[in-house]
Number of protein chains: 2
Amino acid sequence: MNLTQSFSQECSDCPIRHRAVCARCESDELERLEEIKYYRSFEAGQTVMWSGDKMDFVGSVVSGIASLTQTMEDGRTQMVGLLLPSDFVGRPGRDGAAYDVVATTDLVMCCFRKKPFEELMNDTPHVAHRLLEMTLDELDAAREWMLVLGRKTAREKIASLLAIIARRDVTLNMQTGNSQVVFDLPLTREAMADYLGLTLETVSRQISALKKDKVILLEGKRHVTVPDMDRLLEEAGDDSDGGMLN
Amino acid sequence: MNLTQSFSQECSDCPIRHRAVCARCESDELERLEEIKYYRSFEAGQTVMWSGDKMDFVGSVVSGIASLTQTMEDGRTQMVGLLLPSDFVGRPGRDGAAYDVVATTDLVMCCFRKKPFEELMNDTPHVAHRLLEMTLDELDAAREWMLVLGRKTAREKIASLLAIIARRDVTLNMQTGNSQVVFDLPLTREAMADYLGLTLETVSRQISALKKDKVILLEGKRHVTVPDMDRLLEEAGDDSDGGMLN
DNA sequence: TTCCAAACTTGATCTGGGTCAAGGCCCCCG
DNA sequence: CGGGGGCCTTGACCCAGATCAAGTTTGGAA
């Protein structure tokens, strides 16, 4: 498989190769990665890692969804990051995990042992550079989400979340521009509530409202069709392209 | 001045030397930095940079406070970052600013021309490494703030903000542990509201309430005394040390 | 096939914080 | 010294979303 091929194509065994670290890796670097690579699987609901745990690997999501969550003593929880396939997990240069990492669905991760990964990073400027870029992307996403949490209404919050999932889906599948988007919601209402700073009842009500208003179509509880992405983005209060890429 | 000295001491001309980029720089690297360094001053309220502007420098705050803000079409605004003295501004490797940068008080920044700074970064692994570390710090702070925005009550939000400012003050001045902390609020009630996802009326009411309950003492509108930091942190709902450092 | 529990929906009611409105304080400028 | 404009406070009222409480749907295990 040609490793310099388009960003958009899937790599058969491990998405990290082209999406995260190794878009421009040479074959000897790939060999080094290959040596320290392994896979881990988790069931839905399993905790990958507790906040403060020693974290001896970095990696990326191959399939499924993981989330980063913070919990207060009294049980209030806030999801601070959603890890979709191809997203990177880990903090090169940091020892501990900063948040709980939870498998929201069944999950497969492609991991690299951290120590040798960091050595590779030190030897290979473009890997270090790519990591900085990814971290900046995450920072942008986090700040985008601060606007959602701080200033948007419940309806706008739901629409924003649906837009993120829909857009990622479109990106991954390289469907054409503005046609309808179809996907299965990978989150329970409760998980959505924790991500949006709402209660699960409010999430349920607002999804029903969006359905009644034909912004989305629902089959069952999870299967969503977005007939018009522009309409959804409008509902999300998005002026920009959604801040997903730059 | 010995540049390897403690992180905590002020450097006479430019804090970036020891706080941000150059804690471990050798003299030739410092010379290169010196050549591309310049200062910019702004008055309170001035916009340093609009979202989307081409940003041809990076830098750090020398004195005063700047904020990163996002604004929706209808005028709702959310501050997504608070830049206190010694904080870094800029996105190495990115062309545009992602947010409006506003001088919240009178502001002095120490800037480096971006192109040569990036070259220095490429030549100097520990600078690149330090930048990644700083970006991870910002990411942690942003995620910490997501919990504040999504799940905390108005009173907890105010207490959290006061704690951040108080703690930063303590860190900068290296005062002793748990004695009382005194500082001047560097933000208007409106700016606090924009940071906390509240209205300015609610901010005012909650500050009055904290004052009535002796969590803080107020002289005038801005001068704050925190008689007991632990009490303040408790009000903030902070289980941890506040997530400021790791 | 039936049963059960998890996930979800919907209704009724309550409340924290928003909104609107009316001042108060204080500094700067004339 | 008096007036005006930021900035802040406080009160009265309202409403989006939380809370409490039933149900309903679904899918998998026995």
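Residues numbered from 1 in each chain as written. Chains lettered and ligands numbered in written order. Predicted model: local features only at pLDDT ≥ 70, side-chain atom pairs only at ≥ 80, totals over all residues. Heavy atoms only, no water.

## Structural notes on the packing of helix 3 (residues 114-123) of chain B against helix 4 (residues 125-151) of chain B
Residue and element names in this part refer to chain B.
So, point 1. Close contact between helix 3 and helix 4 brings their axes to 5 Å; oriented N to C, the two are set at 105 degrees. Considered as vectors, helix 3 and helix 4 are oriented roughly perpendicular to each other. Residue-level inspection shows Phe 117, Met 121 and Asp 123 of helix 3 in contact with helix 4, the latter providing Pro 125, Val 127, Ala 128 and Leu 131.
So, point 2. Looking at the contact of helix 3 with helix 4 residue by residue, the class counts come to 6 nonpolar, no polar and 1 charged. (Axes fitted to C-alpha atoms, helices over the stretch in contact; angles between N-to-C directions. Helix = DSSP H or I, 4+ residues; strand = E, 2+ residues; numbered from the N terminus. Parallel < 35°, antiparallel > 145°, perpendicular 65-115°, else oblique. Contact = heavy atoms within 4.5 Å. Nonpolar A, V, L, I, M, F, W, Y, C, P; charged D, E, K, R; others polar.)

## What about the sheet that holds strand 2 (residues 47-49) of chain A?
So, point 1. The 4 strands lie next to each other as 2-7-4-5 (chain A), forming an open sheet whose pairing is antiparallel. Of all the strands in the sheet, the pair left with one neighbour each is strand 2 and strand 5 (77-83) of chain A. Geometrically, the sheet is characterised by an average inter-axis angle of 35 degrees between neighbouring strands, direction not taken into account.
So, point 2. Bridge count for strand 4 (residues 66-71) of chain A against strand 7 (residues 100-103) of chain A is 4 bridges, and the pairing is antiparallel. Bridged to Thr 69 of chain A within strand 7 of chain A is Asp 100 of chain A.
So, point 3. In the packing of helix 4 of chain B onto the sheet, the strands contacted are strand 4 and strand 5 of chain A, and the crossing angle to strand 5 of chain A comes to about 130 degrees. (Pairing = 2+ DSSP bridges.)

## As for the sheet that holds strand 10 (residues 217-219) of chain B
Residue and element names in this part refer to chain B.
So, point 1. Read across the open sheet, the 3 strands follow the order 9-11-10; overall the sheet is antiparallel. With one partner strand each, in any of the chains shown, strand 9 (181-184) and strand 10 form the two edges of the open sheet. The mean angle between the axes of side-by-side strands here comes to 20 degrees, regardless of whether they run parallel or antiparallel.
So, point 2. With 3 bridges connecting them, strand 10 and strand 11 (residues 223-226) associate as antiparallel partners. Within strand 11, the position partnered with Glu 219 by the bridge is His 223.

## Quick notes on unusual backbone geometry
Leaving glycine out, the prevailing phi sign among residues is negative, and the prevailing peptide bond configuration is trans.
So, point 1. A positive phi angle is found at Ser 86 of chain A, which is not glycine, with a value near 90 degrees.
So, point 2. Looking at the element boundaries, Ser 86 of chain A is found in the loop between strand 5 and strand 6 (88-89).
So, point 3. Residue classification places Ser 86 of chain A among the buried positions, given a relative accessible area of 11%.
So, point 4. In the Ramachandran plot, Lys 214 of chain B falls in the positive-phi region, its phi being about 65 degrees despite a non-glycine side chain. (Buried < 20%, exposed > 50% of the residue type's maximum accessible area, 1.4 Å probe, protein only.)

## Description of the protein's contact with DNA strand C
So, point 1. Neighbouring residues of DNA strand C: 17 residues in total, closest Arg 189, Ser 204 and Arg 222 of chain A together with Thr 202 and Arg 205 of chain B.
So, point 2. The protein-proximal atoms of DNA strand C, defined as those within 4 Å of the protein, are 63% sugar or phosphate.
So, point 3. Arg 222 of chain A places a side-chain nitrogen or oxygen 2.8 Å from a phosphate oxygen of DNA strand C.
So, point 4. A distance of 3.0 Å separates a phosphate oxygen of DNA strand C from a polar side-chain atom of Thr 199 of chain B.
So, point 5. Counting residues per element, the surface near DNA strand C draws most heavily on helix 7 (residues 200-212) of chain A, which supplies 5 residues.
So, point 6. Of the residues that constitute the surface near DNA strand C, the class distribution is 3 nonpolar, 7 polar and 7 charged. (Near = heavy atom within 4 Å. Polar contact = N/O pair within 3.5 Å; in protein donor to acceptor, adjacent residues only side chain to side chain.)

## Side note on helix 6 (residues 189-196) of chain A
For the α-helix, the turn length of 3.6 residues means that residues three or four positions removed from each other point alike.
Residue and element names in this part refer to chain A.
So, point 1. The element helix 6 is largely enclosed, with a buried count of 6 among its 8 residues.
So, point 2. For helix 6, the complete set of buried residues consists of Ala 191, Met 192, Ala 193, Asp 194, Tyr 195 and Leu 196.
So, point 3. Directly after helix 6, the chain includes Gly 197, whose backbone phi takes a positive value near 70 degrees.

## Here we look at the protein's contact with DNA strand D
So, point 1. Neighbouring DNA strand D are 18 residues; Ala 154, Thr 202 and Arg 205 of chain A together with Arg 189 and Ser 204 of chain B lie closest to it.
So, point 2. Counting only atoms of DNA strand D within 4 Å of the protein, the sugar-phosphate share comes to 64%.
So, point 3. Within the contact set of DNA strand D, a base oxygen lies 2.7 Å away from a side-chain nitrogen or oxygen of Arg 205 of chain A.
So, point 4. At a separation of 2.9 Å, a phosphate oxygen of DNA strand D approaches a polar side-chain atom of Ser 208 of chain B.
So, point 5. Every element with two or more residues in the surface near DNA strand D is listed here: helix 7 of chain A together with helix 7 (200-212) of chain B.
So, point 6. Among the elements that make up the surface near DNA strand D, the one with the highest residue count is helix 7 of chain B (5 residues).
So, point 7. Of the residues in the surface near DNA strand D, the class split is 3 nonpolar, 7 polar and 8 charged.

## Side note on the relation of the copies chain B and chain A
So, point 1. For these two chains of identical sequence, chain B goes onto chain A by a turn of 180 degrees and a shift of 0.0 Å along the axis, with RMSD 0.1 Å. Taken together, the rotation angle and the small translation identify this as a two-fold axis.
So, point 2. The overlap is high: 100% of the interface residues of chain B also sit at the interface in chain A, so the same surface is used on both sides. (Least-squares fit on C-alpha atoms with pLDDT ≥ 70 in both.)

## Details of the pairing of strand 9 of chain B
All names here are of chain B.
So, point 1. Here strand 9 shows one buried face, formed by Val 181 and Phe 183, and one open face, formed by Val 182 and Asp 184.
So, point 2. With 4 bridges connecting them, strand 9 and strand 11 associate as antiparallel partners. Bridged to Val 182 within strand 11 is Thr 225.

## A few points about the packing of aromatic side chains
Residues and elements named next belong to chain A.
So, point 1. On inspection of all chains with the given rule, the structure shows 6 aromatic pairs over all chains.
So, point 2. With centroids separated by 6.4 Å and ring planes inclined at 35 degrees, the aromatic side chains of Phe 88 and Phe 117 adopt a geometry described as tilted. Of this pair, Phe 88 sits in strand 6 while Phe 117 sits in helix 3 (residues 114-123), placing them 29 residues apart in sequence.
So, point 3. Here Phe 117 falls in the buried class, since its relative accessible area comes to 0%.
So, point 4. When the ring of Trp 145 is compared with that of Tyr 195, the centres are 4.4 Å apart and the planes differ by 20 degrees; the resulting orientation is stacked. Residue Trp 145 is found in helix 4 (residues 125-151), and its partner Tyr 195 is found in helix 6; the two are separated by 50 residues along the sequence.
So, point 5. Three or more aromatic residues joined by ring pairs make a cluster, and in this case those are Phe 88, Phe 112 and Phe 117. (Phe/Tyr/Trp six-rings, centres within 6.5 Å; stacked < 30°, edge-to-face > 60°.)

## Some remarks on the interface of chain B and chain A
So, point 1. Every contact between the two is made by 44 residues of chain B and, on the other side, 44 residues of chain A.
So, point 2. Of the roughly 4,300 Å² buried where chain B meets chain A, counting both sides, 55% is carbon and sulfur surface.
So, point 3. Per-residue buried area on chain B facing chain A is highest for Arg 143, Met 146 and Arg 151 of chain B; these three make up 19% of the total on that side.
So, point 4. In this structure, Asp 140 of chain B engages Arg 94 of chain A in a salt bridge whose closest nitrogen and oxygen atoms are separated by 3.5 Å.
So, point 5. The interface formed by chain B and chain A includes 26 residue pairs in polar contact (both at pLDDT 80 or more).
So, point 6. Mapped by element, the contributors of at least two residues to the side of chain B that touches chain A are strand 4 (66-71), strand 5 (77-83), helix 4 and helix 6 (189-196) of chain B.
So, point 7. If one sorts the elements of the side of chain B that touches chain A by residue count, helix 4 of chain B sits on top with 18 residues.
So, point 8. By residue class, the composition of the side of chain B that touches chain A is 19 nonpolar, 10 polar and 15 charged. (Buried area = accessible area lost by both parts, 1.4 Å probe. Salt bridge = Lys/Arg side-chain N within 4 Å of Asp/Glu carboxyl O.)

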